[in-house]
Amino acid sequence: MRFTGKKVLLLGSGGLRIGQAGEFDYSGSQAIKALKEEGIITVLVNPNIATVQTDENMADIVYLQPLNVETVAQIIAQEKPDAILLGFGGQTALNLGLQLETLGVLKQHNVAVLGTSVASIRCSEDRDLFKERLESIGIKSPKSICATSVEAALAAAEVIGYPIMMRSGFSLGGLGSGKIENADILRQRTQECLAVTPQILIEEYLLGWKEFEYEIIRDSAGNSLTICNMENLDPMGVHTGESIVVAPAQTLTNEQHQLLRNMALQVAEHFNIVGECNIQYAINPQNGDYRVIEMNARLSRSSALASKATGYPLAFIAAKLALGYLLYELKNSVTQKTCAFFEPALDYIVVKIPRWDTHKLKAADRTIGTEMKSVGEVMSIGRSFPEALQKAIGMLNIGASCLSDYPQPIPDPQKEMEFATDRRIFALYQFFKHGGAVETAHTLTKINTWFLQHIHAIAQLEKRLGQEKLTTELLLTAKQTGFSDRAIGILVKQAEHAIRTLRKNAGIVPYVKQIDTLAGEFEALTNYLYLTYHAVTHDIEPAAKPALLILGSGPYSIGSSVEFDWCAVNTSRTLRKLGEISIIINSNPETVSTDYDESDRLYFEQLTFERVQDIAEFENLRGIIVSVGGQIANNLVLPLSQAGNHLLGTAPASIDMAENRQKFSALLNQLNIDQPAWESVTSLANAQAFAEKVGYPVLIRPSYILSGAAMNVVHDEQMLEEYLQAAALVSREYPVVISKFIQDAKELEIDGVAKNGSVVIKVISEHIENAGIHSGDATLVLPPQKLYLETIRRTKKITRQIVKALNITGPFNLQFIAKNNSIQVIECNVRASRSFPFVSKVINHNLIAIATEVMLDKYQSRTYETLELDYVGVKAPQFSYSRL
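A. Quick look at the overall build of the protein chain. Within the protein chain, the secondary structure is distributed over 30 helices and 32 strands. Taking the principal axes of the C-alpha coordinates as reference, the protein chain spans close to 80 × 70 × 65 Å. Per-residue burial for the protein chain yields a buried fraction of 64% across its 884 residues. Across the protein chain, every contact between residues at least 6 apart in sequence was considered, and the portion connecting residues at least 24 apart equals 69%. If you sum the accessible surface of the protein chain, you get close to 32300 Å²; carbon and sulfur atoms cover 50% of it.

B. Fine view of the sheet that holds strand 24 (residues 698-701). Taken together, 4 strands build an open sheet; the order of strands is 23-26-24-25 and the sheet is antiparallel. The sheet terminates laterally at strand 23 (678-680) and strand 25 (712-714), the two strands that pair on one side only. Ignoring which end each strand starts from, the neighbouring axes of this sheet average 25° apart. Relative to the sheet, helix 25 (residues 661-671) contacts strand 23, strand 24 and strand 26 (737-740), its axis offset from that of strand 23 by approximately 135°.

C. Spotlight on the pattern of salt bridges. Under the definition given, this model contains 52 salt bridges. Between K433 and E462 there is a salt bridge, with the nearest N and O atoms lying 3.5 Å from each other. In this pair, K433 is assigned in helix 14 (residues 424-433) and E462 in helix 16 (residues 449-467), connecting sequence segments 29 residues apart. You can call K433 partly exposed: its relative accessible area is 26%. Salt bridges here are not isolated pairs; linked through shared partners, they connect K391, K479, D485, R500, R503, K504, E605, E610, R611, D614 and E617.

D. Seen up close, the nonpolar core. Grouped together as the largest cluster of nonpolar side chains are 89 residues, with contacts concentrated most on F88, I217, Y312, I317 and I381. Counting residues per element, this core draws most heavily on helix 11 (residues 314-322), which supplies 8 residues. When neighbours within four sequence positions are excluded, I381 is seen to be in contact with Y348, I349, V350, A388, K391, I515, Y528, Y530, L531 and F604. Among the nonpolar cores identified, the runner-up in size contains 50 residues, and A388, M395, C402 and F483 belong to it.

E. Region of the structure containing the side chain of R261. With respect to the helices and strands, the residue R261 is situated in helix 9 (residues 254-270). A polar contact is formed between the side chain of R261 and the side chain of N262, at a distance of 3.4 Å. Polar contacts involving the side chain of R261 include one to the side chain of E343, which spans 2.8 Å. With sequence-adjacent residues up to four places away left out, R261 is seen in contact with Y214, T226 and E343.

F. Spatial organisation of helix 28 (residues 789-806). Under the 1.5 Å per step criterion, the end-to-end length of helix 28 is 26 Å for 18 residues, consistent within 8% with the ideal 26 Å. For helix 28, the complete set of buried residues consists of T791, I792, T795, I798, T799, I802, V803 and L806. Taken around the axis of helix 28, the buried residues stretch over an arc of 135°, which confines them to a single face. For helix 28, the exposed residues set more than 90 degrees away from the buried face come down to L789 and K804. In the core, the buried residues of helix 28 are packed alongside helix 24 (652-659), helix 25, strand 27 (746-755), strand 28 (758-770), strand 30 (810-819) and strand 31 (822-829). Phi for N807, located one or two positions after helix 28, is positive at around 50°.

G. Up close: the pairing of strand 30. Within strand 30, 9 of the 10 residues are buried, leaving the element largely enclosed by the surrounding structure. Examined bridge by bridge, strand 27 and strand 30 share 9 bridges and lie antiparallel to one another. When the sheet's bridge partners are listed, G752 is paired in strand 30 with F812. Pairing geometry for strand 30 and strand 31, over 7 bridges, is antiparallel. Following the sheet pairing, K819 is matched in strand 31 by S822. Joining the antiparallel neighbours strand 30 and strand 31 is a turn of 2 residues, in which N820 adopts a positive phi near 50°.

H. A look at the state of the cysteines. In total, this model carries 0 disulfides according to the counting rule given. There is no disulfide at C277, and the cysteine sulfur nearest it, in C228, is 13 Å away. On the basis of relative accessible area, C277 is assigned to the buried category, the value being 0%. The structure places no disulfide on C567, whose sulfur is separated from the nearest cysteine sulfur, that of C828, by 16 Å.

I. Representation of the packing of helix 5 (residues 118-125) against helix 6 (residues 127-136) within the structure. Relative orientation of the contacting elements helix 5 and helix 6 amounts to 100°, with a least axis distance of 5 Å. Taken together, helix 5 and helix 6 sit at an angle that is classed as roughly perpendicular. In this structure, helix 5 contributes R122, C123, S124 and E125 to the contact, and helix 6 contributes R127, L129, F130 and R133. Of the residues belonging to the contact of helix 5 with helix 6, the class tally is 3 nonpolar, 1 polar and 4 charged.

J. Looking closely at the sheet that holds strand 14 (residues 290-296). A sheet is described by the order of its strands in space; here 7 strands give the open sequence 14-13-10-11-12-15-16, paired in antiparallel fashion. Of all the strands in the sheet, just strand 14 and strand 16 (376-382) have a single pairing partner and so form its edges. Put simply, the sheet's adjacent strands are angled 25° from each other on average, direction ignored. Bridging between strand 11 (residues 224-232) and strand 12 (residues 245-247) involves 2 bridges; their strand directions are antiparallel. Residue pairing in the sheet places N232 in a bridge with V245 of strand 12. Strands in contact with helix 9 are strand 10 (210-218), strand 11, strand 13 (275-283) and strand 14; relative to strand 10, the strand with the most contacts, it is inclined by about 50°. Set on the sheet, helix 12 (residues 385-395) makes contact with strand 12, strand 15 (349-355) and strand 16; between it and strand 16 the angle comes to about 145°.

K. Spotlight on the side chain of E598. Here E598 lies in the loop between strand 20 (582-586) and strand 21 (601-604). There is a polar contact of 2.8 Å between the side chain of E598 and the side chain of R573.

Reading guide: rules and limits
Residues numbered from 1 in each chain as written. Predicted model: local features only at pLDDT ≥ 70, side-chain atom pairs only at ≥ 80, totals over all residues. Heavy atoms only, no water. Helix = DSSP H or I, 4+ residues; strand = E, 2+ residues; numbered from the N terminus. Buried < 20%, exposed > 50% of the residue type's maximum accessible area, 1.4 Å probe, protein only. Contact = heavy atoms within 4.5 Å. Areas by Shrake-Rupley, 256 points an atom, 1.4 Å probe, with all protein chains shown as cover. Pairing = 2+ DSSP bridges. Axes fitted to C-alpha atoms, helices over the stretch in contact; angles between N-to-C directions. Salt bridge = Lys/Arg side-chain N within 4 Å of Asp/Glu carboxyl O. Core = buried A, V, L, I, M, F, W, Y, C linked by side-chain atoms within 4.5 Å. Polar contact = N/O pair within 3.5 Å; in protein donor to acceptor, adjacent residues only side chain to side chain. Expected span 1.5 Å × (residues − 1). Arc of directions from axis to C-beta. Disulfide = S-S within 2.5 Å. Parallel < 35°, antiparallel > 145°, perpendicular 65-115°, else oblique. Nonpolar A, V, L, I, M, F, W, Y, C, P; charged D, E, K, R; others polar.

Read these as layout, nothing more, since geometry by itself doesn't imply function.
Have a look at this one:
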């Protein structure tokens, strides 16, 4: 039955954290688009100010309020929505929806639950009920016993036998789950788990079984489809969010695929799913036996990946189905001709690799397992598994452009293969490079030999590149296998640009291919694109009108999150509003920026010089925007400008002057602007001499970094040597500066936009914590509450001086410390910062829209009030330490 109400409440997922990240900004944004298309008033509850979905042009009414029962009950009483959507805000929204229903809040205010019913959701979330429902239709799940106390868990483990697998109910990202070897460990883990979740499951441990996922869509009339199937490269025991994932599945026989597909459709029917669900299987590689592990009756992290992998907008369609539409009544968004009642066909392969940042947390354990630790992910598209795998490695921004280019030797590869860590894929590769056998690798890792043979073949090709003459045939084979120009150059002892020239002269260039969801059977109208060397023609022509290329920010990592996705999306939307052609390059499947309707063309590609230059040479560009993609994009400024590209906004030399610590500190000296005492590090001895002269503590500051990578406060000589080595690694060829660390000082920052060296708009924020807490970890207050007027006045004056000296055009961020009424400058970022969405939404002026107008020279002067506000905005960080 079609929904006839006028107003719908949508629950978001709150602050991004490990296991619940940008995918729910993406799915929620798609749901809002679907509701608005129907003329339905959308009320969004989500306190995450950095997301696209909390923009004023998305939902009709946005509550930046806590996602708890008390607050949402008040909002329901105030707004009187006709219905609520629970499936688009991750586990947070789902659990909150169940609480609202249990407490009678929804019934009291006559609010209907759209899509899958609460009863069905509860059956899929409650481990015991889920198992019972599967058994009733003859579908196998792992042998398991539910427990709500430590004693019950210990008794259940004795029945099933150690090792056992422990899982938690009503949770996300494998929270609290893991392999348990004995009663002592079980007792400890159960106590920890029951502190945050009401129920745990003790189940058989399926060591070495293969893991698969199926994404199912189903309407209220029972029409259902398998949209995508995915295979985890890692076997059972590694959470799917921690695993390398391949789509479509590669090692299933057709018979096995049809069995799992039919079973998934049967489960969706039995649980009366309306919208989307995700079903996970374990398959015994020895005999084909199976178990259904779990089902998510909501959009999940995997749903975002499946949407981007296939071009089928799962969240958008799920929202329409929740409103009562049937699949055959909806259009295929890509072809605009066929209906949405089809299963996508892929003539390419997709590889997802997680991004970890355990190296930033000194005490964090690097091993990976059933509980998520990864903070982001990348997705690559290619025409062979080696091409897609190596392309994904180059997307991670960890210093490796492909497998052969990993910067660190791994001391004991076999140990990291057997006991998986965040660098297991590199351990595998180094094992093969040094003569290891596929059979041994399979015994240690339980990874399917199909994947291992491909990785082994890549290592063999590396040996050929190091030993043989680089013929045209060998170069083409290397490019089709995913080797970067940089990696080939290292192996044949030539510069990266020499390899680029060599391959271009030989006609070896990547071809632009289009994702059309139907493997070429119908013409696609969306420009959703990737590049491959397994082709001989382009699918499209360059843009008809000179276009503007926006560089995204790549995978989420600690310090680079949804804030930069917000910046890229708002840049693209502003460009299109101004009549420009917008092209986005990004590699992150969780984001709104990789939604193909947010730009005129989307390249799901690497943010490396090689790939951006490939696209720049193919497309008809009139400029590149580098200032909204965080540090990843900013680091490409010099190579792209040296290659002759026109970069919009601030000149590359000025960006380099701000990013290069030595040049920036010298500029401040020249302008007679106060800063902490500093010196450029030329050796350990000169750093020691400086520290002795100014006194400890001192601060180590590398250049061209984001979120304070390798920036450390040093308290003694021993720490100095250790931290200087870490800084040299991340700073590469750029200088490291050492400066006096000022204690007990306040920190403040200015976000703003300038035009030709004159400030257009500036917003001053104050940190609650003292200087020494990174701005991303600090609590930010706007407008400032405890600053003297004189401090504000002098800060503004210094800002004008620096902006003029650097001749900034576009976004900027300046950071200061204040102590005893003296102001000192810490640093200047000539790009958008992570606080841009926060300040934009608090002052109600979109800094990115203003910056885009400025960079295009289409800005019309206006006045802004950013200090005298009659309310206060506070930005508080979200941490995930409990998982690490």
